[in-house]
Structure formats: C-alpha cells, structure tokens
Amino acid sequence: MRIGKTFLILSLIALTGCQGLWTRVDPKAVAYKGDHYVVDLPAGWLRVQQNKIMLATRDGIGVQNITFVFRKHAKAFEETEQKSTPVMLPSELADRYVADLRAADEHGLPSLEIISDRPVTIDGRLGFELHLQFLNDDGLRYERLASGFANEAGFFVVSYQAPSLYFFERDRATYQQVLQTFRAI
Amino acid sequence: MNGRSLLRIAFLCVGLAACASAPVVEIDSRADLNSLNESQSRLWYAADNLDQSIDKRHLVYDDAELTVYVQSILDQLYPELVGTLHVELFNSPHLNAICLPNGHIYINIGLLARLDNEAQLATILSHEAVHFIRQHSAQQRNSADSVLLAGTSVEILTGIPFSGTLLAGSVMSSYSQAHENEADTDGFARLVEAGYDPREAPKTFQKLLQEVEVLDIDQPFMFASHPKLEHRIASFDSLVAGVSNPGGRVNADGFLQRTKDLREVTLVRYLDMNNHKVLLLILENPVLRQRYSAHPDFYLGEAYRLRNGEGDDTLATWAFEQSINTDPSYAPAYRALGLLMMKRGHKQEAIENLSTYLSLSPDASDREYVETYLRQLES
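Residues numbered from 1 in each chain as written. Chains lettered and ligands numbered in written order. Predicted model: local features only at pLDDT ≥ 70, side-chain atom pairs only at ≥ 80, totals over all residues.

Describing the overall build of chain A
For step 1, the next point in the chain: For chain A, the count of helices and strands is four helices and eleven strands.
For step 2, the next point in the chain: Here the contacts in chain A between residues at least 6 apart in sequence split such that 47% fall between residues at least 24 apart. (Helix = DSSP H or I, 4+ residues; strand = E, 2+ residues; numbered from the N terminus. Contact = placed C-beta atoms within 7 Å.)

The structure is reproduced here in structure tokens:
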C-alpha cells in the first residue's frame with residue numbers, strides 16, 4: 001500500500017494526539033512563522049507544527065483543518081515524483097497537485113471530483129484555487145479548498161478541509177480570511 | 001473475580017480451543033457453506049464488512065454489462081458455485097485482483113484493461129476462485145488475527161482520507177507460496193476443463209512480469225513480486241507441457257470489444273495520476289496502441305510532457321500535432337499544444353491554439369486559466 005508522507009504525518013498527529021505539541025492560538029499574537037511563510041491563524045484554534053507542515057483546527061482535524069505546506073521544487077510532488085518550477089503555470093501546478101493526491105491513494109482516489117479549478121492571486125502571485133470533494137474510508141464526503149503557487153524558493157499550498165455536511169461551509173470564511181494573511185518570506 | 005466468572009472464562013477458552021482446532025471446510029458446493037468453522041465464519045464476516053467499506057467508498061466500477069460478462073466467465077469455470085462466487089470490477093488502475101474469504105473476487109479495471117483475451121481473464125479468475133474454494137485465508141496461520149488487526153487499524157484511521165481501504169483485503173489475500181501453487185494448479189485444471197487455451201495462462205503472467213519490471217513496481221500486492229511471478233510462469237509452463245494437444249478458446253476479439261471503453265477510462269486515470277510510465281508503456285507499443293482508438297496521440301504527448309526528459313518537448317509537440325491532424329475537432333490537443341508553445345515563448349502559436357481550444361470547448365472548466373494566459377500573451 002502506498003501512503004503519502006503528508007498523510008503519515010497527519011495520521012501521526014491524529015493517532016498520538018502529539019502530546020504537548022498542540023498550542024492554542026493566542027488572540028493577542030495570531031501571527032505564526034512557518035517554513036518560508038508567515039500567516040495569521042484564527043484566535044482560539046489549536047495549532048501544531050511538525051515536519052514542515054503547519055496545521056490548525058478548532059474542533060479536531062477530522063472536523064476541519066487548515067494545512068500549510070511548503071516544498072522545495074525538486075520535491076514538490078512527492079507521490080508522482082514530479083517537480084515544480086518558479087515559472088510553472090498555475091493550471092499545471094493545480095494538475096500536479098491533484099495528480100499527487102490521486103497517487104497518494106492506493107486506488108487513485110476514484111471518488112475525487114474537481115468542483116472548480118480557477119486562477120487566483122495569493123500574496124500578489126498568480127496561483128490556483130481548487131475546490132475538491134471525495135469520500136473517505138467510511139464513505140463520508142469531504143471537501144477541500146487548496147490554494148497554491150510557486151516562487152523562487154518552492155511550491156506553497158494552503159488547504160482547508162472539512163466534511164461536506166455542515167462543517168465545510170461553517171469555517172470556509174475563516175479559511176479565506178487566513179489565506180488573505182498568508183505571506184511567503 | 002467470582003467463581004461463576006472463572007467458570008465462564010474456562011468454558012470460553014475450551015470453546016475457542018475447540019474452534020481453533022476445527023478443520024477448515026473447503027467449499028466444493030453451496031452445501032459446504034453450512035459447515036464453516038468458527039475461524040472461517042469470522043473471516044467471512046470480516047470480508048462482508050470489507051465489501052461494505054468498498055461499497056461506501058464507491059470503489060466498485062459501475063459497468064453492469066461488463067460485470068455480467070466477467071461473471072459469466074467465472075460461472076462457466078465453476079458452474080457448481082454459481083451464486084456463491086461473485087466478481088466485481090474494482091475501480092483501481094493498478095494490476096491486481098483479490099479474492100475475499102466470502103467468495104467475492106475483485107478484479108482491478110487496470111488489470112482487466114491490459115489483458116489480451118478471454119482466456120487470460122479466465123486464468124486470473126480460476127486462480128482467484130481456488131483461494132476461496134480451498135479457503136486459503138482460513139488455512140493461513142494467524143490470518144484471522146491479522147484481519148482483525150488490519151480492521152482495527154482502519155478503524156483508528158477513520159475520518160482521515162487516504163488511509164487505504166483494502167488493508168484488510170491485502171491481509172486476506174496474502175497467501176503462502178504453497179497456496180499460490182495450489183491455486184495455479186487447480187485453476188489451470190479448470191481452465192483446460194472449461195475449454196480455454198492453456199497456453200494463454202503463462203502469457204498472462206509473462207505480460208504482468210514485463211510490466212512490473214518496466215514500471216519498477218515494488219508494492220507487495222499479488223502480481224508484483226518478482227520471485228512469485230517468475231516462479232508462477234515456470235509453473236504454468238510445466239503445466240502446459242503436461243497437456244497433450246493444447247488448444248482451445250481464446251476469444252480475443254470479443255474480449256477486446258467488450259473492454260474497449262474500459263481501456264479508454266484507464267488511460268484517463270493514468271493521465272490523471274501523471275503516470276507517464278504506464279502511458280508510454282502502452283502507447284509506444286504498436287500492438288497495444290491500436291487498441292486505444294480515442295486520441296492515443298494526445299495521451300502520448302501528455303506522457304512525453306510529463307516525462308520531461310531531453311527531447312520530450314519535441315516529441316510532445318509532434319504527438320499533439322498528430323492528434324490534431326487525426327481529429328481537428330479534439331479540443332484538449334489544442335490546449336496542450338498551446339500551453340507548450342506558451343512555455344517555449346512562441347506567442348503567436350500559443351494564442352492560436354489556445355483560442356481554438358476555447359472556441360471548440362466554450363464551456364471548458366479551465367476557461368478562466370486560458371483567458372488569463374491569453375491576456376498575458378496578448379499584452
């Protein structure tokens with residue numbers, strides 16, 4: 001079975017609870033520095049940072065999570081072993097991001113559907129915004145918004161994921177607010 | 001703990017020991033289903049749960065006509081188990097097939113799409129069915145416990161995508177060399193009995209071995225282990241040598257016609273996964289290529305683009321142009337060629353091709369991207 005490294009890290013966080021690693025976002029200091037970026041997280045949410053992935057959730061990662069990933073160009077798409085480049089077209093980055101998600105699943109994630117795929121500006125750069133949906137192992141429908149772009153340093157992607165039923169729409173606006181504060185450094 | 005509790009535990013232990021030592025019942029007819037031992041019943045229950053999980057994730061490929069066809073092959077091979085052995089098309093592009101302890105065989109659409117004929121399909125099905133008939137899962141030492149452990153792992157990961165649904169299935173269908181040999185031998189006998197050409201049996205596995213080597217597959221699923229595959233081919237070769245006047249049904253044309261749409265579907269799946277290795281393996285082979293009627297040049301061009309090696313840009317351009325020459329109304333080829341020209345700095349060709357793409361496909365899902373690129377090119 002093939003399981004992506006990102007998935008393994010998220011699983012580890014979920015399974016162990018990562019005792020001591022979780023911190024609550026202080027309303028007086030919401031700005032956090034990640035790997036090659038800074039971002040303001042929602043006050044009161046829980047935050048964890050491990051292996052260059054930062055994740056924030058209010059009620060648990062299975063309920064909703066906002067994830068921040070930075071990868072060097074050479075290792076941008078680990079499952080498909082494809083690279084990114086600073087001049088790669090945003091539609092091409094989006095295609096590779098989706099292909100990587102499919103390849104991370106043992107069966108190519110046949111339930112994955114692309115609801116929308118459009119160009120957006122993130123931190124002043126042309127990037128992509130994908131709206132995806134898929135079923136998890138229990139048949140629960142999840143939706144994901146993923147916004148990504150590439151610069152000289154590497155490939156960035158910020159994603160928000162939650163079950164379609166009730167939860168996805170509930171925190172969607174929060175994700176959009178967080179995305180507005182995202183700055184590559 | 002009181003005396004009554006101790007007594008209950010003692011009875012339970014005796015009961016479990018009795019169950020553990022009960023012989024495994026082989027399934028030669030439907031009547032045998034009433035005599036399964038405790039371990040078999042537990043495995044059957046676990047397999048039923050797995051079926052439900054597969055169903056929940058919509059992992060069964062929905063093609064009723066093709067499923068009926070594949071089921072009819074299975075029923076011809078094992079007429080005494082009609083209604084007990086069931087086959088489903090599993091919506092995965094990889095080369096694999098598994099048989100669960102409840103008699104449900106899942107054959108991946110990726111495997112089905114790559115076979116040459118009905119006799120090769122019958123080889124796979126007859127092999128898998130023997131695992132059920134001989135109840136190899138129940139005979140495997142610790143198999144039941146492994147399934148429970150796998151089930152627990154899946155349970156722990158509930159709610160997180162991409163945990164891999166068939167963990168338990170992999171455990172259930174991981175057999176010893178002795179069981180694989182038995183499945184080969186008994187399955188081969190059925191193949192011959194049903195009138196299929198036995199010479200297709202080793203070809204099935206030779207084909208798989210070739211693909212496993214080219215693709216450098218290292219996953220531990222059934223068909224991907226080199227020693228097992230090489231051993232299996234040798235085993236089949238000796239079985240064929242033992243058949244006097246080998247010959248029989250192959251039914252290549254009927255099979256290829258029935259699986260035509262499936263091949264196109266898997267091509268899309270390989271491209272969606274950016275799997276240029278499989279695309280090239282199929283489309284650079286003239287024999288295989290002719291089985292893919294719809295725009296093979298477009299997919300070949302995409303494979304070159306994704307491989308991105310020296311000279312692949314030129315090859316991709318040639319392939320996209322070929323695709324347009326063959327079918328001037330096929331919009332994706334213009335898009336692909338336009339983007340390639342854009343990256344090369346050939347603005348005019350890029351504008352022409354991307355504009356043609358949008359005129360041929362006015363409702364394209366990526367219209368916003370293409371319009372953005374056109375604005376950049378025209379500025």
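Looking at unusual backbone geometry
For step 1, the next point in the chain: One non-glycine residue, A:Y166, adopts positive backbone phi at about 70 degrees.
For step 2, the next point in the chain: By the secondary structure assignment, A:Y166 is in the loop between β10 (154-163) and α3 (167-170).
For step 3, the next point in the chain: Of note, the phi angle at B:N308 is positive, near 55 degrees, even though the residue is not glycine.
For step 4, the next point in the chain: In this fold, B:N308 is placed in the loop between α16 (296-307) and α17 (312-326).

Things to note about helix α2 (residues 38-56) of chain B
Residue and element names in this part refer to chain B.
For step 1, the next point in the chain: Its 19 residues give α2 an end-to-end C-alpha distance of 27 Å, which sits within 8% of 27 Å, the value for a rise of 1.5 Å per residue.
For step 2, the next point in the chain: Within α2 the residues assigned to the buried category are S39, Q40, L43, A46, A47, L50, S53 and I54. The buried residues of α2 occupy an angular sector of 130 degrees when projected down its axis, which confines them to one face. In α2, those exposed residues whose orientation departs by more than 90 degrees from the buried face are Q52 and D55. (Expected span 1.5 Å × (residues − 1). Buried ≥ 20, exposed ≤ 12 C-beta atoms within 10 Å, placed from the backbone. Arc of directions from axis to C-beta.)

So, the nonpolar core
For step 1, the next point in the chain: Ranked by internal contacts, the top residues of the largest apolar core, which has 75 residues, are A:Y97, B:L279, B:Y299 and B:F320.
For step 2, the next point in the chain: If we ignore the near neighbours within four places in the chain, the residues touching B:Y299 are B:L267, B:L271, B:L279 and B:L283.
For step 3, the next point in the chain: Within the second largest apolar cluster, 51 residues are counted, among which are B:L81, B:L85, B:L89 and B:I98. (Core = buried A, V, L, I, M, F, W, Y, C linked by C-beta atoms within 7 Å.)

Details of the sheet that holds strand β3 (residues 37-40) of chain A
By way of backbone hydrogen bonds, the strands of a sheet pair with one another, either parallel or antiparallel.
For step 1, the next point in the chain: With antiparallel pairing, the three strands of this open sheet are ordered in space as β2-β3-β11 (chain A). Pairing within the sheet leaves two strands with one partner each, and these edge strands are β2 (31-34) and β11 (183-184) of chain A. (Pairing = 2+ DSSP bridges.)

Things to note about the sheet that holds strand β3 (residues 104-108) of chain B
All names here are of chain B.
For step 1, the next point in the chain: A sheet is described by the order of its strands in space; here three strands give the open sequence β1-β3-β2, paired in mixed fashion. Since the sheet does not close on itself, it has two edges, and those belong to β1 (86-90) and β2 (97-99), each with one partner. Averaged over all pairs of adjacent strands, the angle between their axes in this sheet comes to 15 degrees, without regard to strand direction.
For step 2, the next point in the chain: In terms of strand pairing, β1 meets β3 through five bridges, oriented parallel. Bridge pairing links E88 to Y106 in β3.
For step 3, the next point in the chain: Along the sheet face, helix α3 (residues 64-77) touches β1 and β3 and points at about 140 degrees away from the line of β1.
For step 4, the next point in the chain: Strands β1, β2 and β3 of the sheet are contacted by helix α5 (residues 118-133), whose axis makes an angle of about 30 degrees with β2. (Axes fitted to C-alpha atoms, helices over the stretch in contact; angles between N-to-C directions.)

Notes on the confidence of the model for chain B
Residue and element names in this part refer to chain B.
For step 1, the next point in the chain: Averaged over chain B, the pLDDT score is 84; the fraction of residues at 70 or greater is 83%.
For step 2, the next point in the chain: Considering only residues more than four positions removed or in separate chains, one finds that residues 1-19, a stretch of pLDDT under 50, has four contacts.
For step 3, the next point in the chain: Within the model, pLDDT remains below 50 along residues 148-167, and this stretch shows 42 contacts once partners closer than five positions in the same chain are excluded.
For step 4, the next point in the chain: Across the interfaces of the predicted complex, the ipTM metric reaches 0.85, alongside a pTM of 0.84. (pLDDT = per-residue confidence, 0-100.)

Quick word on the pairing of β10(A)
Residue and element names in this part refer to chain A.
For step 1, the next point in the chain: Counting buried positions along β10 gives eight out of ten residues, so the element sits mostly inside the fold.
For step 2, the next point in the chain: Inspection of the sheet shows strand β6 (residues 65-72) paired to β10 by eight bridges, in the antiparallel sense. Of the residues in β10, the one forming a bridge with N65 is Q161.
For step 3, the next point in the chain: Pairing of strand β9 (residues 141-150) with β10, which is carried by nine bridges, proceeds in the antiparallel orientation. Looking at β10, one finds that A146 is bridged to S159.
For step 4, the next point in the chain: Connecting β9 to the antiparallel partner β10 that follows it, the hairpin turn spans three residues.

As for the pairing of strand β5 (residues 53-57) of chain A
On a regular strand, each side chain points to the face opposite its neighbour's, so the side chains alternate between the two faces of the sheet.
Residues and elements named next belong to chain A.
For step 1, the next point in the chain: Taking burial as the measure, the five residues of β5 include four buried ones, the bulk of the element.
For step 2, the next point in the chain: Where strand β4 (residues 46-50) lies against β5, five bridges are found, and the strand directions are antiparallel. Opposite L46, over in β5, you have T57 as the bridge partner.
For step 3, the next point in the chain: In this sheet, β6 lies alongside β5 in antiparallel orientation, the contact comprising four bridges. Within β6, the residue paired with I53 across the bridge is V69.

A look at the environment of B:H104
All names here are of chain B.
For step 1, the next point in the chain: Position of H104 among the secondary structure elements: in strand β3.
For step 2, the next point in the chain: On the basis of neighbour count, H104 is assigned to the partly exposed category, with 19 C-beta atoms found within 10 Å.
For step 3, the next point in the chain: Through-space distance from the C-alpha of H104 to that of L85 is 6.0 Å; in sequence the pair is 19 residues apart.
For step 4, the next point in the chain: Sequence-distant contacts of H104, that is, excluding residues within four places in its chain, are made with A47, D51, H86 and E88.

As for the packing of α17(B) against helix α18 (residues 331-344) of chain B
All names here are of chain B.
For step 1, the next point in the chain: Running from N to C, α17 and α18 point in directions that differ by 150 degrees, and their axes come no closer than 9 Å. When the axis of α17 is compared with that of α18, the two are roughly antiparallel. By crossing handedness, the relation of α17 to α18 is classed as left-handed. Packed against α17, whose contacting residues are D313, A316, T317, F320, E321, S323 and I324, the element α18 presents A333, Y334, A336, L337 and L340 at the interface.
For step 2, the next point in the chain: Split into classes, the residues belonging to the contact of α17 with α18 amount to eight nonpolar, two polar and two charged. (Parallel < 35°, antiparallel > 145°, perpendicular 65-115°, else oblique. Left-handed = near helix turned anticlockwise from the far one by under 90°. Nonpolar A, V, L, I, M, F, W, Y, C, P; charged D, E, K, R; others polar.)

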